[in-house]
Amino acid sequence: MKRTLYSLALGLGAAAASPFIAARLARPPKRQATLARLGLGPLAQPPALQPGGIWLHALSVGESVSALPLVHGLRERFPDKPIAFSCGTGQGLATAREKLAGQVDATFIRPLELPWAVRPVLKALRPGLAILVEGDLWPGWQWALAEQGVPRMLVNGRVSPRTLRGYRRLGPLARELFRGFNLVLVQTATDRERLLDVGVDAGKVKVGGNLKFDSAPAALDEAQRRALAEELGLDGRTVLVAGSTHAGEEEPCLDAYMQLKERVPGLALLIAPREVERGGAVARLAQERGLSAARLSQGPAPAGSQVVVLDMLGKLASAYALGAASFVGGSLVSVGGHNLLEPAAQGVPVVFGPITHNFLEMARDLEEAGGGLRINSGAELVKAWGGLLGNPEKAKAMGQAARDFVAAHHGAVERAVAAAALLLEGGHA
């Protein structure tokens, strides 16, 4: 009965969303990914693999990046097993294909759980283990995997306050989403308590740590840093880096820069909007303030550009290394914050706003370790950045504390790979 009711609700939801789907199909950049989510087209169909392999699924870019070290760990532990990697978005798939070339045997977009879409995927993969990274839980996929007797584990689980409220509203369905997992590895003790609060079996939920600590890129050496600065047109400049920004965050970053550029000759602001499609809008905000702005998607920044917009995928994690100080977005607006570890891993002081429920304990612990600085509003950004620019020794100590914090928290991948091995071998994780 529950599956019938759910299928009916899914059908009604698809009908209600048809205008939105039609609009995406009308846009060429979105068309192939949208078709794939509907179970149509080549992006939705993985090649046939040998049975007994590992299937990982990550929703989008952030989750895919988190999963990279896990994929490498699994490939090292199981060199002969096929590994498939799926995403829920076109950008996530592009990231996976770029970063995991040669590491996986199949990459594709996982369709929605429509009647015609699920069976062909499982027939092609025939997995021995399914691993979900962070979220994107759907009952239909859970039921289909259960029917085939495929063990499942969730890694890097995170339960924000908003997600917790949603689980509470779902009631029994939320418990159903987690019931089929053999193991749920969450990032922190807080995440575990929140899952227990909604009735998830305590015996299945363990604290595994955060894969993002293991996915943080290695710090660039001086030669690499200089080469990147030259590539981006920022060689010899003092740079402030604002990463993963959203609408409402670029303005305080630009306003802070306008005040600070008078104090620091040659100061540049490198700003990376979370959605690269907003690069043009961000450049216009800078130009409206009388600032010269260059978009890196259009080529290297001309010499002397005041604002450089990083509207390209895959560059931000390394570009943080150019910063005398950084700001991580999603934290001055209700998004809940983005990955603080990328600038921290490069030894760059990390400034972030008050809204960090996506990385609650990470933000708190980074601040306590001396590598992070929380501001309460956009108006405080000029003081935070200005204090670091005016005191290089303080900035250097804060950057080193940030780098040490990242190094001290490695290990989530090792725990996840060990658990996966037990499930593949028929034991209990």
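All of the points below concern the structure found in this document. (Residues numbered from 1 in each chain as written. Predicted model: local features only at pLDDT ≥ 70, side-chain atom pairs only at ≥ 80, totals over all residues. Heavy atoms only, no water.)

## Looking at the overall build of the protein
Moving on, step 1. Within the protein one finds 20 helices and 14 strands.
Moving on, step 2. What you see for the protein is a C-alpha radius of gyration of 22 Å, in line with the 22 Å of a compact globule of 429 residues.
Moving on, step 3. Projected onto the principal axes, the alpha-carbon positions of the protein cover approximately 65 × 45 × 45 Å.
Moving on, step 4. Across the 429 residues of the protein, 54% fall into the buried class.
Moving on, step 5. Look at the contacts in the protein between residues 6 or more apart in sequence, and 67% of them connect residues 24 or more apart. (Helix = DSSP H or I, 4+ residues; strand = E, 2+ residues; numbered from the N terminus. Rg over C-alpha atoms; globule rule 2.2 N^0.38 Å. Buried < 20%, exposed > 50% of the residue type's maximum accessible area, 1.4 Å probe, protein only. Contact = heavy atoms within 4.5 Å.)

## Things to note about the packing of aromatic side chains
Moving on, step 1. Within the structure shown, the criterion is met by five aromatic pairs.
Moving on, step 2. Summarising the aromatic geometry, the rings of Phe178 and Phe181 are spaced 6.2 Å apart at their centres and angled 45° between planes, so their arrangement reads as tilted. Across this residue pair, the class does not change: Phe178 and Phe181 are buried.
Moving on, step 3. Three or more aromatic residues link up through ring pairs in this structure, and these residues are Trp55, Phe108 and Trp141.
Moving on, step 4. Directly above the aromatic system of Phe359 lies the positively charged group of Arg158, at a separation of 6.0 Å from the ring centroid. (Phe/Tyr/Trp six-rings, centres within 6.5 Å; stacked < 30°, edge-to-face > 60°. Lys NZ or Arg CZ within 6 Å of the ring centre and 35° of its normal.)

## Topic: the side chain of Glu113
Moving on, step 1. Considering the arrangement of structural elements, one finds Glu113 in the loop between β3 (106-109) and α6 (115-125).
Moving on, step 2. Buried and without a salt bridge, Glu113 has Arg110 as its closest oppositely charged side chain, separated by 6.6 Å.
Moving on, step 3. In terms of polar contacts, Glu113 uses its side chain to reach the backbone amide nitrogen of Gly140, at 2.5 Å.
Moving on, step 4. Among the polar contacts listed, one links the side chain of Glu113 to the backbone nitrogen of Trp141, at a separation of 2.9 Å. (Lys, Arg positive; Asp, Glu negative; His and termini not counted. Salt bridge = Lys/Arg side-chain N within 4 Å of Asp/Glu carboxyl O. Polar contact = N/O pair within 3.5 Å; in protein donor to acceptor, adjacent residues only side chain to side chain.)

## Some points on empty space enclosed by the protein
Moving on, step 1. Tallying each qualifying case throughout the model produces four cavities of 30 Å³ or more.
Moving on, step 2. Put simply, the largest cavity is a space of about 140 Å³.
Moving on, step 3. Lining the largest cavity are 15 residues; nearest its centre among them are Arg110, Ala130, Leu132, Gln142 and Leu145.
Moving on, step 4. Among the elements of the structure, β1 (54-58), β4 (129-133), α7 (139-147) and β5 (152-157) are those that each provide at least two residues to the lining of the largest cavity. (1 Å grid on protein atoms, 1.4 Å probe; cavity = no way out; pocket = protein on both sides within 12 Å on 5 of 7 lines; lining within 4 Å. Points joined across faces, edges and corners; volume = space filled by probe spheres on them.)

## Overview of the side chain of Lys204
Moving on, step 1. With respect to the helices and strands, Lys204 occurs in the loop between α10 (189-197) and β7 (205-207).
Moving on, step 2. A polar atom in the side chain of Lys204 sits 2.5 Å from the backbone oxygen of Arg179.
Moving on, step 3. Leave out the neighbours within four places in its chain, and Lys204 touches Phe178, Arg179, Phe181, Asn182, Leu183 and Val184.

## As for the nonpolar core
Moving on, step 1. Judged by nonpolar contacts, the single largest core of 34 residues is most densely connected at Leu234, Leu270 and Leu340.
Moving on, step 2. Of all the secondary-structure elements, those providing two or more residues to this core are α12 (222-231), β8 (239-245), β9 (268-273), α15 (316-319), α16 (341-345), β13 (350-352), α17 (360-368) and α19 (392-408).
Moving on, step 3. Discounting residues that sit within four places of it in the chain, Leu270 has contacts with Leu234, Val239, Leu240, Val241, Ala242, Leu296, Val308, Leu310 and Ala319. (Core = buried A, V, L, I, M, F, W, Y, C linked by side-chain atoms within 4.5 Å.)

## Observations regarding the sheet that holds β1
Moving on, step 1. Sheet architecture is open: seven strands sit in the order β3-β2-β1-β4-β5-β6-β7, paired in parallel fashion. Looking at which strands have only one partner, the edges of the open sheet turn out to be β3 and β7. On average, adjacent strands in this sheet sit at an angle of 20° to one another, irrespective of strand direction.
Moving on, step 2. Across five bridges, β1 lies against β4 in parallel orientation. Each residue of the ladder has a partner; that of Trp55, found in β4, is Ala130.
Moving on, step 3. Sitting on the sheet, helix α5 (residues 90-99) is in contact with β2 (83-87) and β3, with an inclination near 170° to β3.
Moving on, step 4. Strands β1, β4, β5 and β6 (183-186) of the sheet are contacted by helix α20 (residues 412-424), whose axis makes an angle of about 170° with β5. (Pairing = 2+ DSSP bridges. Axes fitted to C-alpha atoms, helices over the stretch in contact; angles between N-to-C directions.)

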